[in-house]
Structure formats: C-alpha cells, structure tokens
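The primary structure of each chain is shown beneath.
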Amino acid sequence: MNVAVRPRVQALRQAGEVLNLTDVTTSFFPYSEAVIVSYAPGQEVVGEGDPTDNYFLVVRGVFRAVKVTRDGRRQIFAFYMPGDMCGLEPDDIHGLTIEAVNAGTVAALSRQVCRARMIRDPQFNNAVFDNVTRALARAVDHMTMVGRSSAEERLAWFLWMLSGRARGRRAASVELAMQRQDIADYLGLTIETVSRTFTHLKAQGLVALPTTRRVDILRPDLLERLASADRDAPIRAARVVC
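Residues numbered from 1 in each chain as written. Predicted model: local features only at pLDDT ≥ 70, side-chain atom pairs only at ≥ 80, totals over all residues. Heavy atoms only, no water.

Colleague: Can you walk me through the overall build of the protein chain in this structure?
Modeller: Counting secondary structure elements, the protein chain contains 7 helices and 12 strands. For the protein chain, contacts bridging at least 24 residues in sequence account for 68% of all contacts bridging at least 6. Just so you have it, the protein chain exposes about 12500 Å², and 53% of that area is on carbon and sulfur atoms. (Helix = DSSP H or I, 4+ residues; strand = E, 2+ residues; numbered from the N terminus. Contact = heavy atoms within 4.5 Å. Areas by Shrake-Rupley, 256 points an atom, 1.4 Å probe, with all protein chains shown as cover.)

What follows is the structure, given as structure tokens:
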C-alpha cells in the first residue's frame, strides 16, 4: 500500500470537501451529504488492510478493485463507474485495494452513518440494496465468464457489458478508460492475448478500432452471441445508440 500517493482514510474530511450530492449526481443516489475526494490516475482510495470506515460512491471517472498475490501477480475483480458503490466489504479491514483508473472523484460516506440511515430511510435502503445486487450480478457473470470461456468470448462479454452500462439504450461505441493490461488482469488473460483478440474481433467485422481507447460495435447481434458463450443462442437484432 502506497500511503504517500493517496489521502489517508482517517483524513478524508481534511482532504475533501463536504457537498450536497444532489448538486453533483442526483440521478445516482439519494445521499444528502458526503465528503467529495478527487484522485489522480493510479491513486489509491483505500488499500488492502485499511479499516473499512467508509463506503464510496463513484461520482466521476472509473475505479478498479485490485488484489496482488504474494508472487506479484495482479488480479482486478471489478471496475466501478459513476453511480457504483465500492468498499462494501463485511469485515473490519479491506481485502482489496481500490484505485483510480483515470482522474476521478468519489463521495466518501461513513459506514456507521450509512447503516443508521438504512434503518430509518427506506429510499436510501432500497438504493443501497439495488446497487449491491447489481454489483453481485456483475461479479457472478464475471466469474462465470472467466471460468469457462475462450479469450474471444471473454473480451466480447467485457465489451458487451460496458456498452450496456451507458445511459439509456445500449451504446454503439465504447470508450475504454482502462489500459490493455487492466483488461487482461480483469479477464484472466495476458496483455498479448487481449491485443491479439481485439485484432481477431476486428478482422471478423464485429468491431472497429478507430483509436486504442475507442471500440465501435459494428455487429451487436454477433457480439452479444459471442458474449453469451452460447454458440447455439439465436442471433437477434440489438438496438444501439448511433
């Protein structure tokens, strides 16, 4: 854990600014007050072993949950985007490190205060429950895909998942905040395999790669079928934002 490059959890109130979140992200969550903290790319929000004093709501940017094994291997368990809560761990210390992928902002909320409010505020309780269940569903999909799918199926699932997280209808283009190494560590692949698989998807006409960070989905029907890891699944037209 690199303490020097991030605000200490105990010093969040000094590092951040107390704002009414309705001024920042009304559509994300019915919070009334939180400490807003900004992070540079690669900066830690909390590290493995830190106390779980706060929950975090992503306001801007993308964050990742990371664990590094003793032999130096890194695994990414989740990417958090605006509206997602992170740091929702049951124990007194964090088992994962949460880092900013790009320049981002989180709202830090006292764990104790959140739990008290969940008891007295049904709307708040429902919002937390909905957020957690969505995260659990994504985690199950992630584990299933990594456990039994090919490299092409894993990358197709990743792109399909990202396109579905756009506001409104499914997006026709995906802007990748994360680097190829992040994608590799999330999908359980090598960076070389990720790069090669992007090339394969492009050669098959499923996607276009106008830049290293932008992916245009040309055949959403085929990408969805590949993402489902079900070769017998029927192909159906998918609505996308043009």
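Colleague: What should I look at first to understand the side chain of T52 in this one?
Modeller: Along the polypeptide, T52 turns up in the loop between β3 (44-46) and β4 (54-60). Excluding its chain neighbours within four sequence positions, the residues that come into contact with T52 are E89, D91, D92, I93, H94 and R111.

Colleague: What exactly am I supposed to notice about the packing of aromatic side chains here?
Modeller: The relation between two aromatic rings is expressed through the spacing of the ring centres and the mutual angle of the planes. A full pass over the atoms with the stated rule returns 5 aromatic pairs. One aromatic cluster is present, built from ring pairs that chain together F79, W157, F158 and Y186. Above the face of the F198 ring, R180 is positioned so that its terminal group lies 4.1 Å from the ring centre. (Phe/Tyr/Trp six-rings, centres within 6.5 Å; stacked < 30°, edge-to-face > 60°. Lys NZ or Arg CZ within 6 Å of the ring centre and 35° of its normal.)

Colleague: So what exactly am I meant to see when it comes to the pairing of strand β12 (residues 214-217) here?
Modeller: Where strand β10 (residues 173-175) meets β12, 3 bridges bridge the pair, whose relative direction is antiparallel. Bridging across to β12, E175 finds its partner in R214. In this sheet, β12 lies alongside strand β11 (residues 207-208) in antiparallel orientation, the contact comprising 2 bridges. Looking at β12, one finds that V207 is bridged to I217. (Pairing = 2+ DSSP bridges.)

Colleague: Explanation requested: a nonpolar patch on the surface in the structure shown.
Modeller: A cluster of nonpolar side chains, contributed by L136, V140 and M143, occupies part of the molecular surface with about 310 Å² of accessible area. Checked against the element boundaries, L136 lands in helix α3 (residues 122-148). Given a relative accessible area of 55%, L136 falls into the exposed group. (Patch = residues over 30% accessible without salt bridge, like charges linked within 9 Å, V, L, I, M, F, W, Y side chains within 5 Å. Salt bridge = Lys/Arg side-chain N within 4 Å of Asp/Glu carboxyl O. Buried < 20%, exposed > 50% of the residue type's maximum accessible area, 1.4 Å probe, protein only.)

Colleague: Whenever I open this one, the pairing of strand β9 (residues 104-110) confuses me. Can you help?
Modeller: Each regular strand carries side chains that alternate between the two faces of the sheet. Of all 7 residues making up β9, 6 are buried, and the element is well covered by its neighbours. As judged from the 5 bridges shared by strand β2 (residues 34-39) and β9, these two strands associate in the antiparallel manner. The residue of β9 that forms the bridge with Y39 is G104. Two strands pair when backbone bridges link them, and β4 and β9 are joined in this way by 6 bridges, in the antiparallel orientation. Bridge pairing in β9 places F56 opposite A108.

Colleague: I tried to follow the sheet that holds strand β5 (residues 63-68) on my own but got confused; where do I start?
Modeller: What links the strands of a sheet is backbone hydrogen bonding, and the strands pair in either a parallel or an antiparallel sense. With antiparallel pairing, 4 strands are arranged side by side in an open sheet as β3-β8-β5-β6. Taken across any chain shown, the strands that pair with only one partner, and hence form the sheet edges, are β3 and β6 (74-80). Ignoring which end each strand starts from, the neighbouring axes of this sheet average 35° apart. Two strands pair when backbone bridges link them, and β5 and strand β8 (residues 97-100) are joined in this way by 4 bridges, in the antiparallel orientation. From the neighbouring strand, F63 faces β8, where its bridge partner is A100. On top of the sheet, helix α5 (residues 180-187) reaches β5 and β6; it is set at about 100° to β6, its chief contact. (Axes fitted to C-alpha atoms, helices over the stretch in contact; angles between N-to-C directions.)

Colleague: Hey, could you run me through the environment of D71 in this one?
Modeller: Residue placement: D71 occurs in the loop between β5 and β6. Judged by its relative accessible area of 52%, D71 falls in the exposed class. A polar contact of 2.3 Å, which involves the side chain of D71, links it to the side chain of T69. There is a polar contact of 2.9 Å between the side chain of D71 and the side chain of R73. (Polar contact = N/O pair within 3.5 Å; in protein donor to acceptor, adjacent residues only side chain to side chain.)

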